[in-house]
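Below, each chain spelled out in residue letters.
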Amino acid sequence: MTKRRDAWAEIDLEAVVHNVRTLNALTPATTQFMAVVKANAEGHGAHPVAKAALHAGAHSLGVATVGEGVDLRDAGIEAPILILNQPPKTALDEVVDRDLAVTATTIDFLYELAGAAQLGGKVARYHLKLNTGMNRLGVRPTEAVTLLQEAASLGAITLEGVFTHFATADIEGDWDAGNQVTLFDTAIRSIRDAGIDPGIVHAANSAATILMPEAHYDMVRCGIAVVGLQPSKHTARVVNLKPVMSVYANVVFDHEIGIGEGVGYGLDWVSGKPCSILTLPIGYADGIPRAASGKMEVLVVGKRAKQVGRVCMDQMMVAIDKNVGVVAGDTCVIVGTQADEAVTIDDIASAAGTINYEIACALGRRLERAYL
Ligand SMILES: *Cc1c(COP(=O)(O)O)cnc(C)c1O
């Protein structure tokens, strides 16, 4: 890749392989591994991350939208793909044509899906989503059997799985998550008792894969942990994940300012002593949250340095002591390690008052990625 900017991301695909193998080793051998690569694999690049995950033993891929599924098919990926949401009926011809499995939450949707499958001359695969307490998507467990019995009368569709999603899997030993497991178990039992094979039973996201072995069932669905980010502070003790993304920026301008000079829009930050200001060509359009302005640090010659002033759309400034001797062209680390220091996506997230997921997605938006 020719470098066209002085700010870029590096993606370590060996780390993806390590993470998938590590997570997969937490589950029984019979439990399948779905790598969730929605939102461009949380900003890390869906195609390369999907391919590395499949190479490392993932059985299938999960995405949020039909567009994301089609994009993986266009990249030549033939592994099973599940769309984790119920798509609009206008997308169902493509769902059928590209062999994407879909999430179903209503019987009306299944009539539409069956119609599209009949027209396409194929059998469409669906997973029924159960709402066991998160109250985002899904039918109530008590409604599952009736819906599945009606769906069984429709031709051209087949039930491939039944699943749910946890609201609080990131909290160790959480009562609500345990309650969701109980409700889910009861629902699966009633489906089986009605003589219906639920297919692949699944519930666990990254956090539940790490913290809730009782929720592994036939498949786990890991997204954030595949790209090496911990889903919560409770999981880091349990599993060693390797961060996949590093972000770098070269200093494009450096100069000295005197005491009492302001820096950036609004001149919010004012120097308390003469110092050097480094300008880095990376800003909020690249995923550095403006809310982290003045609260985050970057690595300059292996040491933490304060980002100062408001983060701009395409640039941000860093203050260092005058004698450090950094000049234009030197590389600073926004995410990653240098010498003995590290700055993480979690650091940026806590500076901005958000979660690592959101920062990772944002960093994937405009930066070009170099794959290692
Ligand atoms: C995003 C998502 C996942 C993956 O969640 P992580 O916390 O990134 O592991 C799993 N299941 C569903 C339904 C999702 O939407």
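These lines cover the structure that appears in this document, whether it is placed above or below. (Residues numbered from 1 in each chain as written. Predicted model: local features only at pLDDT ≥ 70, side-chain atom pairs only at ≥ 80, totals over all residues. Heavy atoms only, no water.)

1. Overview of the side chain of T132
Thought 1: As for its placement among the helices and strands, T132 is situated in the loop between β6 (124-129) and α7 (144-152).
Thought 2: On the accessibility criterion, T132 (4% relative accessible area) is buried.
Thought 3: There is a polar contact of 2.8 Å between the side chain of T132 and the side chain of Q180.
Thought 4: Discounting chain neighbours no more than four positions away, the residues touching T132 are P141, T164, H165, Q180, L183 and F184. (Helix = DSSP H or I, 4+ residues; strand = E, 2+ residues; numbered from the N terminus. Buried < 20%, exposed > 50% of the residue type's maximum accessible area, 1.4 Å probe, protein only. Polar contact = N/O pair within 3.5 Å; in protein donor to acceptor, adjacent residues only side chain to side chain. Contact = heavy atoms within 4.5 Å.)

2. A short note on the packing of helix α6 (residues 107-120) against α7
Thought 1: At a minimum axis distance of 10 Å, the contact between α6 and α7 shows a crossing angle of 20 degrees. By the angle between their directions, the pair α6 and α7 is classed as roughly parallel. For the crossing formed where α6 meets α7, the hand is right-handed. Contacts between α6 and α7 involve I107, L110 and Y111 from the first element and L147, E150 and A151 from the second. (Axes fitted to C-alpha atoms, helices over the stretch in contact; angles between N-to-C directions. Parallel < 35°, antiparallel > 145°, perpendicular 65-115°, else oblique. Left-handed = near helix turned anticlockwise from the far one by under 90°.)

3. Remarks on the pairing of strand β18 (residues 331-338)
Thought 1: Examined bridge by bridge, strand β10 (residues 245-250) and β18 share four bridges and lie antiparallel to one another. Residue N250 lies in a different strand from β18, and its bridge partner there is T331.
Thought 2: As judged from the three bridges shared by β18 and strand β19 (residues 341-343), these two strands associate in the antiparallel manner. Note that in β19 the partner of Q338 across the bridge is E341.
Thought 3: Counted between consecutive antiparallel strands, the loop separating β18 from β19 contains two residues, among which A339 sits at a positive phi close to 50 degrees. (Pairing = 2+ DSSP bridges.)

4. Some remarks on the environment of Y111
Thought 1: Along the chain, Y111 turns up in helix α6.
Thought 2: Given the relative accessible area of 40%, Y111 is considered partly exposed.
Thought 3: Considering only alpha carbons, one finds Y111 and L154, 43 residues apart in sequence, at a separation of 7.3 Å.
Thought 4: With residues near it in sequence (within four places) discarded, Y111 still touches E150 and L154.

5. Some thoughts on the packing of aromatic side chains
Remark: the centre distance and the inter-plane angle together describe each pair of aromatic rings, the angle taken between the planes.
Thought 1: Tallied over the full model, the rule gives two aromatic pairs.
Thought 2: Here F184 and Y217 contribute two aromatic rings whose centre-to-centre distance is 5.2 Å and whose plane-to-plane angle is 85 degrees, an arrangement assigned as edge-to-face. Of the two residues, F184 sits in helix α8 (residues 175-193) while Y217 sits in the loop between α9 (206-211) and β9 (219-222), which places them 33 residues apart along the sequence.
Thought 3: A relative accessible area of 0% places F184 in the buried class. (Phe/Tyr/Trp six-rings, centres within 6.5 Å; stacked < 30°, edge-to-face > 60°.)

6. Points about the site of the ligand
Thought 1: Around the ligand sit 13 residues, and of these K38, S206, R221, I224 and Y357 come closest.
Thought 2: Side-chain polar atom of R221 to a nitrogen atom of the ligand: 2.8 Å apart, as the coordinates give it.
Thought 3: Residue G223 places a main-chain N or O atom 2.9 Å away from an oxygen atom belonging to the ligand.
Thought 4: Within the complex, the protein chains bury 93% of what would otherwise be the 390 Å² of accessible surface of the ligand.
Thought 5: Because more than half of its atoms lie within 2 Å of the grid, the ligand is assigned to the largest pocket.
Thought 6: Within the residue set of the shell around the ligand, elements represented by two or more residues are α2 (38-43) and β9.
Thought 7: Of the residues in the shell around the ligand, the class split is five nonpolar, four polar and four charged. (Near = heavy atom within 4 Å. Areas by Shrake-Rupley, 256 points an atom, 1.4 Å probe, with all protein chains shown as cover. 1 Å grid on protein atoms, 1.4 Å probe; cavity = no way out; pocket = protein on both sides within 12 Å on 5 of 7 lines; lining within 4 Å. Sits in = over half its atoms within 2 Å of the grid points. Nonpolar A, V, L, I, M, F, W, Y, C, P; charged D, E, K, R; others polar.)

7. Some details on the nonpolar core
Thought 1: Core analysis: the biggest nonpolar cluster contains 116 residues, and L110, L113, Y126, L128, L280, I282 and I334 have the highest contact counts within it.
Thought 2: For this core, the element with the most residues is α6, which contributes seven residues.
Thought 3: Residues within four places of L280 in sequence aside, it is in contact with A249, N250, V251, V298, D314, Q315, M316, V318, C332 and I334. (Core = buried A, V, L, I, M, F, W, Y, C linked by side-chain atoms within 4.5 Å.)

8. Quick word on the pairing of strand β15 (residues 297-300)
Thought 1: Alignment of β15 against strand β16 (residues 303-308), held across four bridges, turns out to be antiparallel. Bridge pairing in β16 places V300 opposite K303.
Thought 2: The hairpin formed by β15 and β16 contains two residues between the paired strands, and V301 there has a positive phi angle of roughly 40 degrees.

9. Description of unusual backbone geometry
Thought 1: Positive phi outside glycine occurs at D99, with the angle close to 60 degrees.
Thought 2: Here D99 is to be found in the loop between α5 (92-97) and β5 (101-104).
Thought 3: Looking at D99, the relative accessible area reads 40%, which means it is partly exposed.
Thought 4: Despite not being glycine, A156 shows a phi value in the positive range, around 70 degrees.
Thought 5: Relative to the assigned elements, A156 resides in the loop between α7 and β7 (157-163).

10. A short note on the sheet that holds strand β8 (residues 200-204)
Thought 1: Reading around the circumference, β2-β3-β4-β5-β6-β7-β8-β9 is the order of the eight strands in this closed barrel, with parallel pairing throughout. For this sheet the average axis-to-axis angle between neighbouring strands, irrespective of direction, equals 30 degrees.
Thought 2: Both strand β2 (residues 32-36) and strand β3 (residues 60-63) contribute to a ladder of three bridges, which runs parallel. Within β3, the position partnered with V36 by the bridge is G62.
Thought 3: Packing against the sheet, α7 makes contact with β6 and β7, and its axis sits at approximately 165 degrees to β6.

11. Quick word on the layout of surface pockets
Thought 1: By volume, the largest pocket amounts to about 810 Å³.
Thought 2: Around the largest pocket, the lining is made up of 35 residues, and of these K38, H165, N205, I355 and Y357 lie nearest the centre.
Thought 3: Secondary-structure elements contributing two or more residues to the lining of the largest pocket are α2, α9, α10 (345-352) and α11 (356-363).
Thought 4: The class makeup of the residues in the lining of the largest pocket is 16 nonpolar, eleven polar and eight charged.
Thought 5: Of the voids in this model, the second largest pocket is the one considered here, and its volume is about 350 Å³.
Thought 6: Elements that contribute at least two residues to the lining of the second largest pocket include exactly β1 (7-11), β10, β18, β19 and α10.
Thought 7: A class-by-class count of the residues in the lining of the second largest pocket yields twelve nonpolar, seven polar and three charged. (Points joined across faces, edges and corners; volume = space filled by probe spheres on them.)

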